[in-house]
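# Summary of structural features
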Amino acid sequence: MPLTALDPNTALIVVDLQKGLAGVAPTFGEVVTRARLLADAFRSRHLPVVLVTVDGMAPGRTEQPSRHTGAFPPGFADVVAELDPQPGDIRVTKRTWGAFATTDLERRLKDLGVTQVVVAGVATGTGVEATP
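So, a few notes on the structure that sits alongside this text.

## Details of the sheet that holds strand β3 (residues 90-94)
Strand-to-strand pairing in sheets goes through backbone hydrogen bonds, with the strands running parallel or antiparallel. In space, the 4 strands of this open sheet follow the order β3-β2-β1-β4, with parallel pairing throughout. The strands lining the two open edges of the sheet, one partner per strand, are β3 and β4 (116-121). Averaged over all adjacent pairs, the angle separating strand axes in this sheet is 25°, with direction ignored. The strands touched by helix α1 (residues 28-44) within the sheet are β1 (10-15), β2 (49-54) and β4, with β1 carrying the most contacts at an inclination of about 155°.

As structure tokens, then:
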């Protein structure tokens with residue numbers, strides 16, 4: 001069912017659009033372009049924009065031993081410049097699939113009175129699906 005109206009206190013959560021994941025999907029650039037349009041629209045309406053990046057894995061996680069478990073290289077978690085990160089954007093660094101599980105994102109959004117979220121990103125089977 002298409003959504004035709006947003007609550008007046010909606011936040012945009014952009015997940016995993018970072019330098020270290022730029023090659024994860026052939027459509028990465030297109031996703032970034034569309035996320036930028038969304039971010040600009042939210043910013044122009046003074047609505048919160050949350051930029052979520054992944055930087056490492058949670059300590060003790062062993063369910064997927066084939067996944068990277070060491071430190072990521074410098075700059076891996078930097079938001080891609082094409083999103084035009086702004087000083088007022090909320091930054092969240094996660095170490096699990098979802099952006100809420102081990103971060104203070106829920107509290108921060110509640111403190112702002114957010115009643116609805118729009119989630120965008122490239123890894124829909126992991127980062128985006130795991131966030132709401």
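Next, the rest of the story.
## Structural notes on the pattern of salt bridges
Across all of its chains, the model carries 11 salt bridges by this definition. Arg-34 is paired through a salt bridge with Glu-30; the nearest N and O atoms lie 3.0 Å apart. With a gap of 4 residues between them, Arg-34 and Glu-30 both fall in helix α1, about one helical turn apart. Arg-34 sits in the exposed class, given a relative accessible area of 54%. The class of Glu-30 is partly exposed, set by a relative accessible area of 44%. The closest approach of N and O atoms between Asp-40 and Arg-43, which form a salt bridge, is 3.4 Å.

## Some details on the environment of His-46
Structurally, His-46 can be placed in the loop between α1 and β2. Once the C-alpha coordinates of His-46 and Asn-9 are considered, the two residues, 37 residues apart in sequence, prove to be 9.7 Å apart.

What counts, and where the lines are drawn
Residues numbered from 1 in each chain as written. Predicted model: local features only at pLDDT ≥ 70, side-chain atom pairs only at ≥ 80, totals over all residues. Heavy atoms only, no water. Pairing = 2+ DSSP bridges. Helix = DSSP H or I, 4+ residues; strand = E, 2+ residues; numbered from the N terminus. Axes fitted to C-alpha atoms, helices over the stretch in contact; angles between N-to-C directions. Contact = heavy atoms within 4.5 Å. Salt bridge = Lys/Arg side-chain N within 4 Å of Asp/Glu carboxyl O. Buried < 20%, exposed > 50% of the residue type's maximum accessible area, 1.4 Å probe, protein only.

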